[in-house]
Amino acid sequence: MQNGWLYIGLFLIVGIIVPILPLLFSRLVAPRKPNSIKQSTYECGIKTVGDSWVQFKAPYYVFALVFLVFDVEAVLLFPWALMLKRLPLFVALEGILFILILVAGLVYAWRKGMLEWL
Amino acid sequence: MNLLNDPIHFIAQWLQGLLTGWGLSLVLAKVILALISITVTILFAMALAIFLVWVERKVVARFQDRIGPNRIGPYGLFQPLADIIKLIGKEDITPALADKFVYNLAPVLALASVILLWAILPLAPNIYGVDLNVAVLYLVAAGALGTLSIIMAGWASNNKYALLGAFRTVANMISYEIPMVLVLLIPTLLAGTMSVKGITEAQSPTWFFFLSPLGALIFLISAVAELGRSPFDLSEAESEIVAGFHIEYTGMKFGLFYAGELLHAFTFGGFTAVLFFGGYRFFGLENLGPLVAAAIFLVKAMFGYWIIMWIKYTMPRIRIDHMLAFNWKFLTPLALTVLMVTAVMEKLLAGTSPWIYSLGLFLANLAIALATIEILHAFGKWQRKTEASTKPALQAGQYYEEQNP
């Protein structure tokens, strides 16, 4: 357990078990009388029409793509930010160059209309 | 190391000696100690979540000029207990054709993702779960698990509107993760380490809030949007679109989502305190003992939670296209600018005295803020001018459609 990841693993396991306990307790205590009206899909009182797993609009996908690009950029910037205190000014300017290349990407996406919620 | 200064390690050493004395191997003793520590931390977090339900209801009541729950127990303190008893007793209605495993896993994962964050939160110099050396990255990763649970909830509910609500909420959350991760780089940069304990220790002369107020502000806004709380909660507006991705959840499963959201807000208040407001430090008072340091940390975290609640109960809801435009067209460029300027200023002012360092970084942030306001001002003026030139003026009593029949 030198660097603590065993602790995190155990934390995940216990952290999943602990919220399950109220659910199990509820299963003992709560009534269970299912019928078809109760189990129908909720749509403000109207009967549902068609499939529930509908197709989704393209802008959701576009936002996820733009998020992906910037998330990878941010993760790649982590070692730069970590080591910046110990390295000379030139390294800061190199990191800024990297950021500026990706800012150009953001400006491109903006001008192309990818950031609109259409 | 005695009981007063270092209680956790003292008890851990004693227990370890006890367990190995009974004949267990060292690894097994360490695992049992870890499990005890984990259980205590998780129970503390859950008890805090229950207390926060009461705080939330009292504070929202005061913001709305009423008293809030005051019947059950003194000052309504046992109200959350009554809520829990009610929620446990409700019938658990699973919609027909729902994806059972995913449907049941989603609320558990939502709460688990918040509880996971309590492993790295330092309450005092010697009270913390584990001192990871990549704690900031772990914060982002555990937060992403909560986003996953929302899509699971929306998808498995077999309900078109839950699915759409889940998509919108997740599009919102992932968009606001970008400024959050970028601004998390600023304490990493200023402290030279990713471990939260290291960041707390590195805030010696000045808190990072004074070195980078814009960073703290962007972190707060992104955290509020990340939590899916008002004013960014269009997809799960309790009073408008009937509850979004958790329409089909009843009873304790809904209770887990709700408690998870409140605990998440408090945890982010705690992280704001640790990353920007000095954590458990307060002019040397934390050396008086671990309980004093933990009290200081909890007060700061509660202050952060108070600000989040204040924002929620004061501002109206923002439309989803405004939310996303605000993020991609304003917060992300601003976060990138603050990061670049902080990096350059940090290198330029590296060896100077702490006062000049702090003043230099603070003035740089102030300059960025003023420049941003000027740019927005000029943009607004330009927009009004172009609109006035393309739209002819209205006569009295005329509508826009009448002008061009």
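None of the values given here were measured: they were computed from a predicted structure. (Residues numbered from 1 in each chain as written. Chains lettered and ligands numbered in written order. Predicted model: local features only at pLDDT ≥ 70, side-chain atom pairs only at ≥ 80, totals over all residues.)

**Q** I'm lost on the overall build of chain B in this one. Help?
**A** Broken down by element type, chain B carries 14 helices and 0 strands. Shown N-terminal to C-terminal, the secondary structure of chain B runs as helices and strands in the order α-α-α-α-α-α-α-α-α-α-α-α-α-α. By principal-axis analysis of the C-alpha atoms, chain B measures approximately 95 × 65 × 40 Å. Put simply, chain B has 405 residues, and 46% of those count as buried. (Helix = DSSP H or I, 4+ residues; strand = E, 2+ residues; numbered from the N terminus. Buried ≥ 20, exposed ≤ 12 C-beta atoms within 10 Å, placed from the backbone.)

**Q** Explanation requested: the overall build of chain A in the structure shown.
**A** Helices and strands together make up the secondary structure of chain A, namely 3 helices and 0 strands. Taken from N to C terminus, the helices and strands of chain A fall in the order α-α-α. Buried positions account for 17% of the 118 residues belonging to chain A.

**Q** Would you take a moment to explain the interface of chain A and chain B for this structure?
**A** Buried accessible area, meaning the area lost when the parts come together, often serves as the stated size of an interface. Of the residues lining the interface, 58 residues belong to chain A; the matching set on chain B comes to 64 residues. Contributions of two or more residues to the side of chain A that touches chain B are made by α1 (5–29), α2 (58–83) and α3 (89–111) of chain A. Ranked by residue count, the leading element in the side of chain A that touches chain B is α1(A), at 17 residues. A per-class count over the side of chain A that touches chain B returns 43 nonpolar, 9 polar and 6 charged. (Contact = placed C-beta atoms within 7 Å. Nonpolar A, V, L, I, M, F, W, Y, C, P; charged D, E, K, R; others polar.)

**Q** For this particular structure, what's the right way to read the environment of B:Pro69?
**A** All names here are of chain B. Considering the arrangement of structural elements, one finds Pro-69 in the loop between α2 (26–63) and α3 (79–89). Pro-69 gets classed as partly exposed once you count the C-beta atoms within 10 Å, which come to 19. Leave out the neighbours within four places in its chain, and Pro-69 touches Arg-57, Gly-76 and Gln-79.

**Q** What is the right way to read unusual backbone geometry from this model?
**A** Excluding glycine, residues mostly carry a negative phi; peptide bonds, for their part, are mostly trans. Residue and element names in this part refer to chain B. Notably, Asp-65 is not glycine yet its phi reads approximately 65°, a positive angle. In this fold, Asp-65 is placed in the loop between α2 and α3. We classify Asp-65 as exposed; it has 6 C-beta atoms within 10 Å. The residue Tyr-75 is not glycine, and still its phi comes out positive at about 55°.

**Q** Would you mind going over the packing of α2(B) against α3(B) with me for this structure?
**A** For any two helices packed against each other, the geometry is given by the interaxial angle and the distance between the axes. Residue and element names in this part refer to chain B. It is at 8 Å that the axes of α2 and α3 come closest, and there the two elements cross at 115°. Between α2 and α3, the interaxial angle falls into the category roughly perpendicular. Crossing of α2 over α3 shows right-handed handedness. Between α2, through Ile-50, Val-53, Trp-54 and Arg-57, and α3, the contact on the second element is made entirely by Gln-79, Pro-80 and Asp-83. Here the residues of the contact of α2 with α3 are counted per class, giving 4 nonpolar, 1 polar and 2 charged. (Axes fitted to C-alpha atoms, helices over the stretch in contact; angles between N-to-C directions. Parallel < 35°, antiparallel > 145°, perpendicular 65-115°, else oblique. Left-handed = near helix turned anticlockwise from the far one by under 90°.)

**Q** Teacher, can you tell me more about the environment of B:Tyr249 here?
**A** Residue and element names in this part refer to chain B. Relative to the assigned elements, Tyr-249 resides in the loop between α9 (213–226) and α10 (251–276). Separated by 92 residues in the primary sequence, Tyr-249 and Ser-157 place their C-alpha atoms 8.3 Å from one another. Not counting residues up to four positions away in its chain, the partners in contact with Tyr-249 are Pro-107, Phe-254 and Phe-257.

**Q** Would you mind going over the nonpolar core with me for this structure?
**A** Considering soluble globular proteins, one finds that nonpolar side chains tend to be buried as a cluster. Ranked by size, the top nonpolar core spans 130 residues in total, and within it B:Ile120, B:Ala166, B:Leu182, B:Val183, B:Leu185 and B:Leu262 carry the most contacts. Those residues within four positions of B:Val183 in sequence are excluded, and the remaining contacts are B:Gly215, B:Ile218, B:Phe219, B:Ser222 and B:Ala335. (Core = buried A, V, L, I, M, F, W, Y, C linked by C-beta atoms within 7 Å.)

**Q** What is the right way to read α2(A) from this model?
**A** Since the α-helix advances by 3.6 residues per turn, residues separated by three or four positions end up pointing in the same direction. Taking 1.5 Å of rise per residue, the 26 residues of α2(A) would be expected to cover 38 Å, and the 39 Å separating its terminal C-alpha atoms lies within 8% of that figure. At A:Leu77, α2(A) shows its maximal bend, which comes to roughly 30°, and the proline A:Pro79 appears one to four places after that position. Looking at the buried side of α2(A), the elements it contacts are α3 of chain A together with α6 (160–191) and α12 (320–348) of chain B. (Expected span 1.5 Å × (residues − 1). Bend = angle between axes of the 7 residues up to and from the residue.)

**Q** Quick question: what am I supposed to make of the packing of α1(A) against helix α4 (residues 100–115) of chain B here?
**A** Closest axis-to-axis distance for the α1(A)/α4(B) pair is 9 Å, and the angle between their directions is 130°. Judged by the angle between their axes, α1(A) and α4(B) are oblique. Viewed along their axes, α1(A) and α4(B) form a crossing whose handedness is right-handed. Across from A:Gly15, A:Ile16, A:Pro19 and A:Ile20 in α1(A), the residues of α4(B) making contact are B:Val108, B:Leu111, B:Ala112 and B:Ile115. A per-class count over the contact of α1(A) with α4(B) returns 7 nonpolar, 1 polar and no charged.

**Q** Mind showing me how you'd approach α10(B) here?
**A** All names here are of chain B. In this model, α10 (26 residues) spans 38 Å end to end at C-alpha, consistent with the 38 Å of a helix rising 1.5 Å per residue. The element α10 is extensively covered by neighbouring structure, given that 25 of its 26 residues are classed as buried. Of the residues trailing α10, Gly-278 is marked for its positive phi of about 90°.

Honestly, it's all geometry; don't read function into it.
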